[in-house]
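Descriptive structure summary
Here is how the chains run, residue by residue.
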Amino acid sequence: MLLHLDSQTANVVTFFRAIAALNPSNQLLVDPYAQQFLPKYLKLALLSLRRSTISHQFFENIKLGGGVLIRARYAEECLKERVLSGTKQYIILGAGWDSFAFRCPSELEELEIFELDFPATQQKKIKRLKTLGIAVPNNVHFVPIDFESEQIHVALSQTSFDPNLDTFVTWQGVTYYLTEETIEQVLLSLSDLCSGRLDIVIDYIEQKYIKQWWRYQHFRWIYLAVAFIGERFVSGFDPNTFSDWLSERKFTLKEDHNYRTIADRLGSENMGHFRLSVRTHLAHIQKFEEDI
Ligand SMILES: C[S@@+](CC[C@H](N)C(=O)[O-])C[C@H]1O[C@@H](n2cnc3c(N)ncnc32)[C@H](O)[C@@H]1O
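Described below are features of the structure shown in this document. Because the structure is a prediction, the values reported are computed rather than measured. All residue numbers refer to position in the chain's written sequence, counted from 1. Given that the model is predicted, a residue must reach a pLDDT of at least 70 before its local features are reported, and side-chain atom pairs must reach 80 or more before they are shown or counted; all residues, however, enter totals for whole chains, interfaces and linings.

1. Structural notes on the overall build of the protein chain
- Per the convention used, a helix needs a DSSP run of H or I reaching at least four residues, while a strand needs a run of E reaching at least two, with both numbered from the N terminus. Each helix and strand in the protein chain was counted, giving twelve helices and seven strands.
- Only C-alpha atoms enter the radius of gyration; for comparison, a globular chain is expected to reach 2.2 Å times N to the power 0.38, where N is the number of residues. Against the globule reference of 19 Å for 292 residues, the protein chain gives a C-alpha radius of gyration of 18 Å, in line with a compact fold.
- Across its three principal axes, the protein chain shows a C-alpha extent of roughly 55 × 45 × 40 Å.
- Looking at the protein chain as a whole, 40% of its 292 residues qualify as buried. Exposure classification rests on a simple neighbour count of other C-beta atoms within 10 Å of a residue's own: a residue reaching 20 or more is buried, one at 12 or fewer is exposed, and one in between is partly exposed. C-beta atoms are placed from the backbone.

Written out as structure tokens, the structure reads:
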């Protein structure tokens, strides 16, 4: 991330959620806040799309958009399951314009939600919520952090986060922008801090695409576009060795599938024209039980 600047990829992600919210055939993730959260230039772009079905479908065809819907829906499904078993805390790493805290279903209202994000992105969000008159519920806590230079346990120790309670974490659309060392540090820091059960839903791009991005026709444009806005893809994982990589850090891989497989399971027929990539994976990981 460029110092002092809020995340532009977070805006792009919200743009896709706003497009999805306009499409009645998308039932996978309906985000009523996405449109309001957009910066002016993307609101204008959305307005022009509303008048043109062709360009609307063009954006739905970009696989990035489908991934944005599927990863949030998957994480929220896993979260609901964990809450039924007693999880009371939810950490959203690199939350961006995630609106879960504001559209939280009633059965999850007792969750304590911690949104951790790069300070400039988070400040923008807090300011825009205020401008829009959207009240921040008491159970929502904003925690600024730069994963590259700050420790997660230090940031959380300054909040009401209770390390003894079971915790659910999502980390979506973020790992690709961080070094492997930083990803490792965040996982180890969370694992050291949390003495209760720790579940994390994380997404990652297959390493081969990051290492040889120029070889893949569609991916190279996405790679260049994010690099252009200052948020370059830097790391990915090999699905064949990810489980071992996690085990060495005392995490178990409970589930790992590419976006398209997860979407088929959750009902890809309910997501309009949105297409999905097989390049990006969603994994549900857990801290080793013997370490709890
Ligand atoms: C593509 S957005 C994803 C937002 C959200 N998770 C979602 O799926 O809608 C990337 C997010 O990662 C955050 N991020 C990137 N690098 C970061 C860092 N070094 N420290 C903290 N947050 C970071 C950005 O601020 C942004 O909110």
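2. Notes on the site of the ligand
- Near, as applied to residues and a molecule or strand, means the residue's backbone-placed C-beta atom lies within 6 Å of it. In the region of the ligand, 20 residues are neighbours, and Ser7, Gly94, Gly96, Thr121 and Gly173 sit closest.
- If you tally residues by element for the shell around the ligand, the top one is helix α1 (residues 8-22), at three residues.
- When the residues that make up the shell around the ligand are grouped by side-chain class, the tally is nine nonpolar, seven polar and four charged. Asp, Glu, Lys and Arg are counted as charged, while Ala, Val, Leu, Ile, Met, Phe, Trp, Tyr, Cys and Pro are counted as nonpolar; the rest, among them Gly, fall into the polar class.

3. Quick look at the environment of Asn138
- By secondary structure assignment, the location of Asn138 is in the loop between α6 (119-132) and β3 (140-144).
- The class for Asn138 is exposed, based on 7 C-beta atoms found within 10 Å.
- A sequence separation of 42 residues divides Asn138 from Gly96, and the C-alpha atoms of the two residues are 19 Å apart.

4. Brief notes about the nonpolar core
- Ranked by size, the top nonpolar core spans 71 residues in total, and within it Leu69, Ile70, Ile92 and Leu116 carry the most contacts.
- The contact criterion used here is simple: two residues whose C-beta atoms, placed from the backbone, lie within 7 Å are in contact. Once you skip the residues sitting within four places of it in the chain, Ile70 turns out to touch Leu28, Tyr259, Ile262, Ala263, Leu266 and Leu276. Any nonpolar core is a set of buried residues, restricted to Ala, Val, Leu, Ile, Met, Phe, Trp, Tyr and Cys, that join up through C-beta atoms within 7 Å.

5. Observations regarding unusual backbone geometry
- Non-glycine residue Lys250 carries a positive phi angle of around 65°.
- Tracing the sequence through the fold places Lys250 in the loop between α11 (242-248) and β6 (251-258).
- Of the residues examined, Lys250 has 14 C-beta atoms within 10 Å and is grouped as partly exposed.

6. Some points on α1
- Take the number of residues in a helix, subtract one, and multiply by 1.5 Å to get its expected span. In this model α1 runs 22 Å from its N-terminal to its C-terminal C-alpha over 15 residues, within 8% of the 21 Å that 1.5 Å per residue would give.
- By the burial criterion, the buried members of α1 are Thr9, Ala10, Val13, Thr14, Phe15, Phe16, Arg17, Ala18, Ile19 and Ala20.

7. A word on the sheet that holds strand β2 (residues 112-117)
- Two strands are said to pair when DSSP picks up at least two bridges between them. Read across the open sheet, the seven strands follow the order β3-β2-β1-β4-β5-β7-β6; overall the sheet is mixed. With one partner strand each, in any of the chains shown, β3 and β6 form the two edges of the open sheet. Averaged over all pairs of adjacent strands, the angle between strand axes in this sheet comes to 20°, irrespective of strand direction.
- Note that strand β1 (residues 89-93) and strand β4 (residues 167-171) share five bridges and pair parallel. Opposite Ile92, over in β4, you have Thr170 as the bridge partner.
- Only the stretch in contact is used when fitting a helix axis, every axis being a line fitted to C-alpha atoms; angles between N-to-C directions are given from 0 to 180 degrees. The strands that helix α12 (residues 259-266) touches are β6 and β7 (280-287); relative to β6, the one it contacts most, it runs at about 80°.

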